[in-house]
Amino acid sequence: MKYVIAPSILSADFTQLGKDIKETEEGGAAYLHFDVMDGMFVPNISFGIPVMKSIRKATHQVMDAHLMVQDPIRYVKAFKEAGADLITVHLEACPDVRKTLTEIKDLGIMAGLSICPETPVEEIREYLEYVDMILIMSVHPGAGGQKFMEESLDRIRETRKMIEESGKEIDIQVDGGVKLENARKILDAGANILVAGSAVFGDNIVENTRKFVEIFRDYE
Ligand SMILES: O=C(CO)[C@@H](O)[C@H](O)COP(=O)(O)O
Ligand SMILES: [Fe+2]
């Protein structure tokens, strides 16, 4: 199984976004996490398609679009064209989950399905055949810098068990409050892709990223 750190640019300094992204790449981040908020599915508004388009030209990282958007099927083609390699939608935001995931796969990119902390893990079982990744939210979506919800660990374990039972190779991404201090217990629970915003950006981006990559060496 691969282990990946996906820095969330929501916590970057937008006056020097290109530089911040380069530093995550230098630190060994294979993915770049891109939080899209529409002011409907979540109260905040972040950034969207034109920003992704310019970032695409500046990095070779896997562009991981986390769409916190109501009825996201409306935008998946535009994000793919802007450069997304992986599009994750929220189960709670899709009127037709299966159709949305199929639409993403038909574009020739990876599909992710995310659940909020209050959604029972069991609800993802019927969609496992359509996804490359499950995203377990470990905070309520909508903002960076929140505290990791400890009950997420059981949810990650339950998801990993469900994936194993399915016999498929599916990544588990965990997003919200991930730090160097809690990374190991999240990996031990069964996650293999960690999103980190506030733990990566700020001072020492290269070093912060590298420290996550060093932890992965004990798991690979
Ligand atoms: O999707 C979200 C929040 O809704 C995340 O991707 C956060 O942006 C992660 O930030 P930290 O919790 O790591 O600061
Ligand atoms: Fe996110």
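Numbering of residues starts from 1 in every chain and runs along the sequence as written. Chains carry letters from A onward and ligands carry numbers from 1 onward, assigned in written order. Where local features are concerned, this predicted model is filtered to residues with pLDDT of at least 70; where side-chain atom pairs are given and counted, the filter is 80 or more; whole-chain, interface and lining totals use all residues. Each side-chain value is worked out from all heavy atoms of the structure, with water and hydrogens disregarded.

(A) Broad picture of the UniProt feature "binding site: a divalent metal cation" (unreviewed entry) in the protein. As annotated in UniProt, the feature "binding site: a divalent metal cation" (unreviewed entry) corresponds to His33, Asp35, His66 and Asp175 in the numbering used here. A maximum C-alpha distance of 10.5 Å places the annotated residues, which cover 143 residues in sequence, within one compact spot. Within this annotated set, the largest cavity is lined by Asp35, His66 and Asp175. For His33, the position within the fold is in strand S2 (residues 31-37). We call two residues contacting when some pair of their heavy atoms lies within 4.5 Å. Among residues more than four places away in sequence, those in contact with His33 are Ala6, Pro7, Ser8, Ile9, Asp64, His66, Gln173, Asp175 and Val195. Each helix is a run of DSSP H or I of at least 4 residues and each strand a run of E of at least 2, with the numbering of both proceeding from the N terminus. In this fold, His66 is placed in strand S3 (residues 62-68). Judged by its relative accessible area of 0%, His66 falls in the buried class. Not counting residues up to four positions away in its chain, the partners in contact with His66 are His33, Phe34, Asp35, Val36, Thr88, His90, Ser114, Leu135, Met137 and Asp175. UniProt positions are given in the numbering used here, feature names are shortened, and annotations may be inferred rather than shown by experiment. Here a cavity is any set of points on a 1 Å grid over the protein atoms alone where a 1.4 Å probe fits but cannot get out, and a pocket is any open set with protein on both sides within 12 Å along at least 5 of 7 lines; a residue lines the site when it has an atom within 4 Å of a point. Only protein chains enter the accessibility calculation, which uses a 1.4 Å probe. A residue is then buried if its area is under 20% of the maximum for its type, exposed if over 50%, and partly exposed in between.

(B) Summary view of the confidence of the model for the protein. On a scale of 0 to 100, pLDDT captures the predictor's confidence in every residue. On average, residues of the protein score 98 in pLDDT, and 100% of them reach the 70 mark or higher. Model confidence for the complex: the whole-complex pTM is 0.98, and ipTM, which rates the interface, is 0.99.

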